[in-house]
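Chains, contacts and geometry: an overview
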Amino acid sequence: MKQAPVKTNRNKINLFFDIAIFITFLIAMAPHFSGMAVHEWLGAAFGAAIVTHLLLQWQWIVEVTRRMFSTAQWSARINYILNTLLFIDVTLVIFSGLMISEVALPLLGIQTTHGGIWRMLHGFTADFFLVLVGLHVALHWQWLVNMVKRMLPQRHTARHLPQVSASAQTTQKEA
C-alpha cells in the first residue's frame, strides 16, 4: 500500500532556513569571536544560502516584480525595495570579502589584497547590511511571531479543559 506523500509546510521550511541564515550571519559578523577562517568560510556559505533563499522566494519575486508599478500593495513594494538593497549589499559584502580574503582563497592558491578600498568597502557594506537585516526582521516580525506560535506546543489552559458543572463543584468541595 502506498502512503500519501507528506505535504511540506513551505512556511516552516522558510522559517528554519531564515533562522539558519540569521545564526550564520551572527557568527560571521563576529570574526574576532569565531576566527578569520570561520568568518571567511561562513561568508562564502552565506552567499550560497542567500541564493537558496532567493530561489525559495522566487515565485514571490516574480509576482511582485510583475506587479511592482501597477497593483502591488505599498507594503510589498517597500519589502521588494528592501530586499533588493539587501541583495545588492550582500553581493558587495561577499565580493569585497573575497577580495581581502586572508585564509579561504589563499588556501585555494588564490592571492588577494589585504587592505585598501576593498577592506573599507567590506566594513561599510557589512555594517549597512546589519541595518538592512534589522529593517527586514522588523518588517517580517509579525510573520515570525505567528510562525513560532504555531510551532510551539499549545499549553492547556482552563478554557481548554472540560467544564465542571456547579453541582459537581459543590460535591467536590463537601468531600
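Residues numbered from 1 in each chain as written. Predicted model: local features only at pLDDT ≥ 70, side-chain atom pairs only at ≥ 80, totals over all residues. Heavy atoms only, no water.

**As for the overall build of the chain**
Scanning the chain for helices and strands turns up 9 helices and 0 strands. Helices and strands in the chain line up, N terminus first, as α-α-α-α-α-α-α-α-α. Counting over 175 residues, the chain shows a buried share of 22%. The contacts in the chain between residues at least 6 apart in sequence include a share of 63% that link residues at least 24 apart. Put simply, the chain shows about 12,900 Å² of open surface, and 69% of that area lies on carbon and sulfur atoms. (Helix = DSSP H or I, 4+ residues; strand = E, 2+ residues; numbered from the N terminus. Buried < 20%, exposed > 50% of the residue type's maximum accessible area, 1.4 Å probe, protein only. Contact = heavy atoms within 4.5 Å. Areas by Shrake-Rupley, 256 points an atom, 1.4 Å probe, with all protein chains shown as cover.)

**Considerations on the pattern of salt bridges**
Under the criterion given, the structure shown has 3 salt bridges. Note that Glu63 is salt-bridged to Arg67, the shortest N-O span being 3.2 Å. Placement of the pair is Glu63 and Arg67 together in helix H4 (residues 58-67), with a separation of 4 residues, close to one helical turn. Between Glu102 and Arg119 there is a salt bridge, with its nearest N and O atoms 3.0 Å apart. (Salt bridge = Lys/Arg side-chain N within 4 Å of Asp/Glu carboxyl O.)

**Overview of the packing of aromatic side chains**
With the rule as written, the count across this model stands at 7 aromatic pairs. Pairing Phe95 with Trp118 gives two aromatic rings, centres 5.4 Å apart and planes at 75°, and the pair type is edge-to-face. Of the two residues, Phe95 sits in helix H5 (residues 74-99) while Trp118 sits in helix H7 (residues 116-139), which places them 23 residues apart along the sequence. On the basis of relative accessible area, Trp118 is assigned to the partly exposed category, the value being 26%. Put simply, the rings of Phe22, Phe25, Phe46 and Phe129 pair up and form one aromatic cluster. (Phe/Tyr/Trp six-rings, centres within 6.5 Å; stacked < 30°, edge-to-face > 60°.)

**Some details on the nonpolar core**
Generally speaking, soluble globular proteins have nonpolar side chains that are buried together. Phe46, Leu86 and Phe129 are the most contacted members of the largest nonpolar core, which has 13 residues in total. Of all the secondary structure elements, the ones that give two or more residues to this core are helix H1 (10-28), helix H3 (36-56), H5 and H7. (Core = buried A, V, L, I, M, F, W, Y, C linked by side-chain atoms within 4.5 Å.)

**A closer look at the layout of surface pockets**
Here the largest pocket is characterised by a volume of approximately 910 Å³. In terms of lining, the largest pocket is formed by 30 residues, of which the most central are Asp18, His53, Asn83, His136 and His140. At the level of secondary structure, the elements contributing two or more residues to the lining of the largest pocket comprise H1, H3, H4, H5, H7 and helix H8 (141-151). Here the lining of the largest pocket is built from residues that sort into 20 nonpolar, 9 polar and 1 charged. If you add up the space inside the second largest pocket, you get close to 600 Å³. What lines the second largest pocket is a set of 29 residues, and nearest its centre among them are Ala28, His39, Val93, Gly97 and His122. Of all elements in the fold, only H1, helix H2 (31-34), H3, H5, helix H6 (104-107) and H7 reach the threshold of two or more residues within the lining of the second largest pocket. (1 Å grid on protein atoms, 1.4 Å probe; cavity = no way out; pocket = protein on both sides within 12 Å on 5 of 7 lines; lining within 4 Å. Points joined across faces, edges and corners; volume = space filled by probe spheres on them. Nonpolar A, V, L, I, M, F, W, Y, C, P; charged D, E, K, R; others polar.)

**Quick notes on the environment of Phe25**
Checked against the element boundaries, Phe25 lands in helix H1. Using a relative accessible area of 5% as the deciding quantity, one classes Phe25 as buried. In sequence terms Phe25 and Leu130 are 105 residues apart; their C-alpha atoms lie 9.2 Å from each other. With residues near it in sequence (within four places) discarded, Phe25 still touches Phe46, Phe129, Leu130 and Val133.

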